[in-house]
Amino acid sequence: MSLLLQDIMERIYTMNRINHAFEKPGAFIGFLTGGDPDKQTTINCIKALIDAGTDLIEIGVPFSDPCAEGPVIEKADVRALENGMDLEGIFSIIEEIRKNNQNIPIVLLTYYNPVFKYGEDGFLKRLKEVGGDGLIIPDMPYEESEEMRKLTKENNLSLILLVSPTSNERIKTIAEAGDGFIYVVSSMGTTGVRSKITTDIPSMIKKIKDVTNVPAAVGFGISTPEQAEKMCETADGAIVGSAIVKIIEENGKESPELVYNYAKQMKEAALKGGLKRQ
Amino acid sequence: MYNMPKMGRFGDFGGQYVPETLMNAVIELDEAFHHYKNDPKFNDDFNDLLKKYAGRPSLLTYAKNLSTELGGPKIYLKREDLNHTGSHKINNVLGQALIAQRLGKTRLIAETGAGQHGVATATVAAYLGMDCDIFMGREDTVRQALNVYRMELLGAKVHPVDSGTATLKDAVNEALREWTRKVTDTHYLIGSVMGPAPFPEMVRHFQSVISKEIKNQILEQEGKLPSAVLACVGGGSNAMGAFYHFIDNPEVRLIGCEAAGRGVETPYTAASINTGTDGIFHGMKSLFNQNEEGQIAPVYSISAGLDYPGIGPEHTYLHKIGRAEYVPVTDNEAVKAFELLSRTEGIIPAIESAHAVAHAVKIADEFNSDENIVINLSGRGDKDVAAIARYNGKDLYDE
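On a predicted model such as this, the values are computed, not experimentally measured, just so you know. (Residues numbered from 1 in each chain as written. Chains lettered and ligands numbered in written order. Predicted model: local features only at pLDDT ≥ 70, side-chain atom pairs only at ≥ 80, totals over all residues. Heavy atoms only, no water.)

S.K.: Outline the overall build of chain B, supporting the account with residue identities and numerical values.
M.R.: The secondary structure content of chain B amounts to 16 helices and 14 strands. In terms of overall dimensions, chain B is globule-like: its C-alpha atoms have a radius of gyration of 19 Å, near the 21 Å expected for 399 residues. Across its three principal axes, chain B shows a C-alpha extent of roughly 55 × 55 × 45 Å. By the burial criterion, 65% of the 399 residues in chain B qualify as buried. In chain B, 74% of the contacts between residues at least 6 apart in sequence involve partners at least 24 apart. Averaging the coordinates of the 39 positive side-chain charges in chain B and doing the same for the 51 negative ones gives two points 3 Å apart. (Helix = DSSP H or I, 4+ residues; strand = E, 2+ residues; numbered from the N terminus. Rg over C-alpha atoms; globule rule 2.2 N^0.38 Å. Buried < 20%, exposed > 50% of the residue type's maximum accessible area, 1.4 Å probe, protein only. Contact = heavy atoms within 4.5 Å. Lys, Arg positive; Asp, Glu negative; His and termini not counted. Charge placed at Lys NZ, Arg CZ, Asp CG, Glu CD.)

S.K.: An account of the interface of chain A and chain B is needed here, citing residue identities and associated values.
M.R.: In many reports, interface size means the accessible area that the parts give up when they come together. Each partner contributes residues to the interface: chain A has 35 residues there, and chain B has 34 residues. Note on chain A versus chain B: buried area summed over both sides is about 2900 Å², and carbon and sulfur give 51% of it. Here chain A is connected to chain B by 4 salt bridges. Here A:R170 makes a salt bridge to B:E20, at a shortest N to O gap of 2.8 Å. Taken together, the links from chain A to chain B amount to 21 residue pairs in polar contact (both at pLDDT 80 or more). Those elements giving two or more residues to the side of chain A that touches chain B turn out to be α3 (71-82), α5 (112-118), β6 (162-163) and α8 (170-176) of chain A. The leading source of residues in the side of chain A that touches chain B is α5(A), at 5 residues. (Buried area = accessible area lost by both parts, 1.4 Å probe. Salt bridge = Lys/Arg side-chain N within 4 Å of Asp/Glu carboxyl O. Polar contact = N/O pair within 3.5 Å; in protein donor to acceptor, adjacent residues only side chain to side chain.)

S.K.: How would you explain the nonpolar core if you had to name every residue and give the values?
M.R.: Residue and element names in this part refer to chain B. Judged by nonpolar contacts, the single largest core of 91 residues is most densely connected at W179 and F243. Per-element accounting of this core gives the leading share, 8 residues, to helix α1 (residues 20-36). In this view, F243 contacts S211, V229, A231, L254, I255, G256, H315, L318, A324 and Y326; residues no more than four positions away in its chain are not counted. (Core = buried A, V, L, I, M, F, W, Y, C linked by side-chain atoms within 4.5 Å.)

S.K.: Residue-level account of the sheet that holds strand β14 (residues 372-377) of chain B, with values.
M.R.: Residues and elements named next belong to chain B. If you trace the 6 strands from one edge of the open sheet to the other, you get β3-β4-β14-β9-β10-β13, paired in mixed fashion. In the strand order of this sheet, the two ends are held by β3 (60-62) and β13 (324-330), each with one partner. Averaged over all adjacent pairs, the angle separating strand axes in this sheet is 25°, with direction ignored. In terms of strand pairing, β3 meets strand β4 (residues 74-79) through 3 bridges, oriented antiparallel. Among the inter-strand pairings, T61 is bridged to a residue of β4, identified as L77. (Pairing = 2+ DSSP bridges. Axes fitted to C-alpha atoms, helices over the stretch in contact; angles between N-to-C directions.)

S.K.: Any details on helix α7 (residues 145-153) of chain B? Residues and values, ideally.
M.R.: The periodicity of an α-helix, 3.6 residues per turn, causes residues three or four positions apart to be oriented the same way. Residues and elements named next belong to chain B. When we look at burial in α7, the residues that qualify are N147, V148 and M151. Considered in projection along α7, the buried side chains sweep an arc of 105° and stay on one side of the axis. Turned more than 90 degrees away from the buried face of α7 sit L146, Y149 and L153, all of them exposed. Among the structural elements, β5 (107-112), α5 (116-128), β6 (131-137), α6 (138-143) and β7 (157-161) are those in contact with the buried residues of α7. Within two residues after α7, G155 carries a phi angle of roughly 95°, on the positive side. (Arc of directions from axis to C-beta.)

S.K.: Pulling in residues and values, what's your account of the environment of B:V203?
M.R.: Residue and element names in this part refer to chain B. Along the chain, V203 falls in helix α9 (residues 199-207). Put simply, V203 and R9 are 194 residues apart on the chain and 14 Å apart in space, counted from C-alpha to C-alpha. Apart from the residues within four sequence positions on either side, V203 is in contact with N92, Q96, I190, G191, S192, V193 and S237.

S.K.: An account of helix α9 (residues 201-211) of chain A is requested, with residue identities and associated values reported.
M.R.: Residues and elements named next belong to chain A. Within α9, the full set of buried residues consists of I201, M204, I205 and I208. Projected down its long axis, α9 shows its buried positions confined to an angular sector of 95°, all on one face. Projecting away from the buried face of α9 at angles above 90 degrees are the exposed residues K206 and D210. Residues of α9 that are buried make contact with β6, α8, β7 (182-185), β8 (216-219) and α10 (225-232).

S.K.: Any details on the packing of aromatic side chains? Residues and values, ideally.
M.R.: Residues and elements named next belong to chain B. For the coordinates displayed, the defined rule picks out 20 aromatic pairs over all chains. Aromatic pair F33 and F206: ring centres 6.2 Å apart, planes at 70°, arrangement edge-to-face. Note that F33 is positioned in helix α1 and F206 in helix α9, a separation of 173 residues in sequence. On the basis of relative accessible area, F33 is assigned to the buried category, the value being 0%. Where F42 meets F46, the ring centres are 6.4 Å apart and the plane angle is 20°; that geometry is what we call stacked. Here F42 and its partner F46 are both found in helix α2 (residues 40-54), 4 residues apart, which amounts to about one turn of the helix. Through pairs of rings, three or more aromatic residues link up here, namely F33, Y36, F42, F46 and F206. One residue, K74, lies across the ring of Y62, its end atom 5.1 Å from the ring centre. One Lys or Arg, R262, reaches over the ring of Y268 and ends 4.8 Å from the middle of that ring. (Phe/Tyr/Trp six-rings, centres within 6.5 Å; stacked < 30°, edge-to-face > 60°. Lys NZ or Arg CZ within 6 Å of the ring centre and 35° of its normal.)

S.K.: Can you explain the packing of helix α2 (residues 39-51) of chain A against helix α4 (residues 87-100) of chain A? Please cite residues and give values.
M.R.: Residue and element names in this part refer to chain A. With their axes 10 Å apart at the nearest point, α2 and α4 run at an angle of 40° to one another. It follows from the interaxial angle that α2 and α4 lie oblique. Handedness of the crossing formed by α2 with α4: right-handed. Here K39, T42, I43, I46, K47 and I50 of α2 lie close against α4, whose contacting residues are G89, S92, I93, E96, I97 and N100. When the residues that make up the contact of α2 with α4 are grouped by side-chain class, the tally is 5 nonpolar, 4 polar and 3 charged. (Parallel < 35°, antiparallel > 145°, perpendicular 65-115°, else oblique. Left-handed = near helix turned anticlockwise from the far one by under 90°. Nonpolar A, V, L, I, M, F, W, Y, C, P; charged D, E, K, R; others polar.)

S.K.: Break down unusual backbone geometry for me, citing the residues and quoting the values.
M.R.: All names here are of chain A. Looking along the chain, the bond that leaves D36 and enters P37 is cis, with omega of -10°. Positive phi is not limited to glycine here, since N168 has a value of about 45°. Position of N168 relative to the elements: it lies in the loop between β6 and α8.

Interpretation in functional terms is not warranted from these geometric data alone.
See below:
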């Protein structure tokens, strides 16, 4: 195969991994912090998530000052860093998962500084090399993302952009630049479990769908099957982070089985919601 | 001429690295700031408050005894310590609060380290009838207990922050989180020339009254510009204010005095220009104390107000283009200067400002007696008396 053709095939294959996650309605996306409380537990929990039918894995790169995070994920970051997790450790988690699984899409959620410090292009090349599919940078808004969008494209990775309840007329611009999927922030504030989500999600989704076919998944505050079902009645997927991290906080190494049970019911609920939509 | 920021940048530094949820708020603020800074009614209101509420212009005092003792240039002190609330912080707070009101915000939140910015914000919130919440590292609420009570007296709620190192950077994290939750009715009144655009430019604008006054006062008193202007730098608001109107006068040396803590060769330092590297944090690209993986480092200084792992992007720019010098000053040197100024001039400086006094002592012999230099005395030192006593092994309260 010529290099060019190989590149094209590779590109299609990678894009397909994230696209594939949204082929069926009601995708369930699970987040956990890499290295919380240790690398092996993270690997075991990711495997449990995959076994339970999770459609996309989001691994949080622990950061000293996670300003967009609520207390649950912030504490997970502290635990991971205290136990020595670093970027190479995060990359090796993806490598480990890829040994047995070529299909599950894996994206990183990382603050910009660790990427910047590593060197953007080097970071993306390493992420690609270990089998990652994309990244989410919560402190990089659209206006600061031009260079990173270019670099992710060059490296056949997706830069997943976020829209929030305050985005309003910005939604169109962001959605047009969307790649992989659009991360719809469901409520104001930081990540964390919320009992009620009051934002008008359907109208946000509609604004996105008006301009792009890129799937839209909703996150921030989703923890119950009811919420996941409801979100997937309008969105292409539901993202759950803090609720999973909370299980890991409380159960440490014993978490994988509980994570499996939780993810299974969440996946079923997401699917149920997604089917109603069709 | 000095390049004005383009798109919120000073050279390569600055920017708007904040979560999407805050983007419309910072864009709205940027538009409001650039509109009102040229609005005559706004400027009348602002200048009126500076004059009749904050007590401006602040004095430029000739420090005769200190000058004689050091035997170098004539040393002048810009007396920001004489402002209402005891520091330069009130200048910026008044400006931003007036903009916040015009944007229909009813609540002010702020981070504070030493408590000076928190006290200024609580004061102005009380005066303008706005709600006020202050975020302060737990460690700092202990170091600056008096200021905590002062803020509560003024009607503000003080939230101690336990995360991370429980100091200024963690207070900023928490204030950012709170702003993300309540962005529709709340203005985050950032206290230094840091954070996402427009904050670095806006805070500098409201603080630049300091250098504007210095220029007029020194020309009136000495008939010529100072050979140097010195100011302490944490985030860098008093320094930016004191430098700004001298940037286009290359004969005036601009010297920022960083908190070296126990020394720049130790990990117990907060000198971001001297020990930091390029990074992106708290909304801006600038210099930060961090490890090779981009994790922000815990920093240390005796001064709670300078105990921050970064510096405003305009300072980083001035440093990189060589227009300003940034020097480290240790705890010990700052404490000695705190005592020296108290003894020679009868003026107790904030421990932050004492860093600038300490460096003036160090470099006095670089100047002739017909030259003059200006130290920006950013705040008064009453709040620090107990901590300095502790540093010297005396506990004032627990006998």
